[in-house]
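Single-letter residue listing:
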Amino acid sequence: MPFLIVAVVLVGLLCLLDLVLTLGVLRRLRAHTAELERLAGTSTLMPYDPRVLVGRTLPQDVAGPRLVGFFDVGCDTCHERAPQFAAEAKGQSALAVISGAVEETADLVEVVGGVASVVTGEDALRIVQALDIHAFPTFLRTDQDGRVVAADTELTDLAAMAPAK
């Protein structure tokens, strides 16, 4: 009988310890959630609208009228849209900016490299940061000065703005 009393007391103490630890974890989660909401400025994340890019300018070394596609090696949709971009880029000035590890960009470079100028590595990261690109793929049309005149995550929406061939 004394063993049973000791066992019940130990189980009770373990349950109490578990309760204290659970309350501590919940407290930390609330603190982290509050910090994330403060950083985001809202409790819900807003969808990315690429139209905020209109009016921004490409860096001088890549400026000019062209179709620009932003791709990432880890993005499945980018791999799906690359052939569509290559088809649209034929016969016009085009630029493909491919971010990610340089050794992993070969597949995308192979698809778009024949019809568009390709930028990878540090140069690609520089252009992505300069324009503040948040979604991949993102497609742009630029004017003579390299200023973005249209931007979307769907290439078909920019097809209507294609320059005369």
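So, here is what we can say about the structure in this document. Given the structure is predicted, the values throughout are model-derived calculations rather than measurements. (Residues numbered from 1 in each chain as written. Predicted model: local features only at pLDDT ≥ 70, side-chain atom pairs only at ≥ 80, totals over all residues. Heavy atoms only, no water.)

We now examine the sheet that holds strand β3 (residues 117-119). If you walk across this open sheet you meet the five strands as β3-β2-β1-β4-β5, and the pairing is mixed. Every interior strand has two partners, whereas the edge strands, β3 and β5 (148-152), have only one. For this sheet, the mean angle separating the axes of adjacent strands, direction not counted, is 20 degrees. Of the strand pairs in this sheet, strand β1 (residues 66-72) and strand β2 (residues 94-99) are connected by six bridges, and their pairing is parallel. (Pairing = 2+ DSSP bridges. Helix = DSSP H or I, 4+ residues; strand = E, 2+ residues; numbered from the N terminus. Axes fitted to C-alpha atoms, helices over the stretch in contact; angles between N-to-C directions.)

Once that is clear, we can look at the environment of Gly 69. Tracing the sequence through the fold places Gly 69 in strand β1. Judged by relative accessible area, which is 0%, Gly 69 ranks as buried. Taking the C-alpha atoms as reference, Gly 69 lies 6.5 Å from Leu 140; in sequence the two are 71 residues apart. Every residue in contact with Gly 69, bar those within four places of it in the chain, is listed here: Phe 85, Leu 95, Ala 96, Val 97, Thr 138 and Phe 139. (Buried < 20%, exposed > 50% of the residue type's maximum accessible area, 1.4 Å probe, protein only. Contact = heavy atoms within 4.5 Å.)

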